[in-house]
Amino acid sequence: MGCHRILLRLLCFLFFLHSSSLPFASPLCPPVQRDALLLFKNSFLLNRMASDSCDWYGHPKTNSWNKSVDCCSWEGVTCDSVTGNIVDLDLACSRLRGALHSNSSLFLLRHLQNLNLFGNNFIGSRIPPNLSVFAELTHLNLSGSSFAGWKIQSSQCLFRISQH
Ligand SMILES: *[C@@H]1O[C@H](CO)[C@@H](O)[C@H](O)[C@H]1NC(C)=O
Ligand SMILES: *[C@@H]1O[C@H](CO)[C@@H](O)[C@H](O)[C@H]1NC(C)=O
Ligand SMILES: *[C@@H]1O[C@H](CO)[C@@H](O)[C@H](O)[C@H]1NC(C)=O
Ligand SMILES: *[C@@H]1O[C@H](CO)[C@@H](O)[C@H](O)[C@H]1NC(C)=O
């Protein structure tokens, strides 16, 4: 009996080793993009009132971001299933408060297709012209986020811009 159990454990362990190196596993979030997200997170304070336009004052999604967990599974973050690049960042109603500058690490996420910053408080920041680095962006939602200007120059992209 005891012998069987040990054998079973050994088999399970070998299977685990094997399956963790399977070539078809989803790619992990690129470390450069993970670090960019963490820097972005740390450039803001969390403030409940920053999401006062949201139901229940939103929810601080970035609180759960943990460097020891693959960032593709962080709340609000979606990666491309083939390349692992971050393609979708949905931080709507996340209680972020602070300025968004043109040197923000956000602009290192070059593969974004969908960016939603709805319902935060960027305290009257001008919308940085750097948004044009997102060559693959198709959806941009900056509604209710206290931006000041909203002139975006881009000839290649179709933006769905909303602001009030
Ligand atoms: C991050 O995840 C690790 C491993 O799951 C856990 O031990 C640690 O407490 C987490 N840290 C935070 C700040 O949640
Ligand atoms: C933002 O754009 C400015 C002016 O084009 C440039 O100097 C700066 O390096 C850009 N910042 C980032 C993070 O890409
Ligand atoms: C980014 O730019 C702002 C405004 O120009 C500046 O106050 C801040 O120190 C800069 N941050 C970094 C990390 O360079
Ligand atoms: C912006 O995002 C919010 C929250 O996800 C959503 O309710 C709203 O409909 C979006 N606006 C547009 C124009 O897509």
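Predicted model, so just to flag it, every value in this text is computed and none were measured.

Quick look at unusual backbone geometry now. The phi angle at Y57 is positive, at roughly 55°, despite the residue not being glycine. Tracing the chain through its elements places Y57 in the loop between β1 (45-46) and β2 (77-79). Within the chain, S146 stands out as a residue other than glycine whose phi angle is a positive 55°. Residue position: S146 is located in the segment after β6 (139-141). For S146, a relative accessible area of 35% puts it in the partly exposed group.

Our next topic: the nonpolar core. Most often, soluble globular proteins have nonpolar side chains that are buried together. Core analysis: the biggest nonpolar cluster contains 31 residues, and L37, I86, L89, L106, L112 and L115 have the highest contact counts within it. Going through the elements one at a time, α2 (31-42), β2 and β3 (86-90) are the ones with two or more residues in this core. Tallying contributions element by element places α2 first for this core, with four residues.

For the structure shown, the criterion picks out three disulfides. Between the sulfur of C54 and that of C93 lies a disulfide, 2.1 Å long from S to S. On the sign convention where negative means left-handed, the S-S torsion of about -85° between C54 and C93 marks this disulfide as left-handed. Of the two residues, C54 is situated in the loop between β1 and β2 and C93 in the loop between β3 and β4 (96-97); the sequence distance between them amounts to 39 residues.

This paragraph deals with the sheet that holds strand β5 (residues 114-116). In spatial order, the strands read β2-β3-β5-β6; together these four strands make up an open sheet with mixed pairing. Edge positions in the sheet fall to β2 and β6, since each of these pairs with one other strand and no more. For this sheet, the mean inter-axis angle between neighbouring strands, taken without regard to orientation, is 15°. Here three bridges tie β3 to β5, and the two strands are oriented parallel to one another. Residue pairing for β5: D90 is matched across the bridge by N116.

Thresholds applied
Residues numbered from 1 in each chain as written. Chains lettered and ligands numbered in written order. Predicted model: local features only at pLDDT ≥ 70, side-chain atom pairs only at ≥ 80, totals over all residues. Heavy atoms only, no water. Helix = DSSP H or I, 4+ residues; strand = E, 2+ residues; numbered from the N terminus. Buried < 20%, exposed > 50% of the residue type's maximum accessible area, 1.4 Å probe, protein only. Core = buried A, V, L, I, M, F, W, Y, C linked by side-chain atoms within 4.5 Å. Disulfide = S-S within 2.5 Å. Pairing = 2+ DSSP bridges. Axes fitted to C-alpha atoms, helices over the stretch in contact; angles between N-to-C directions.

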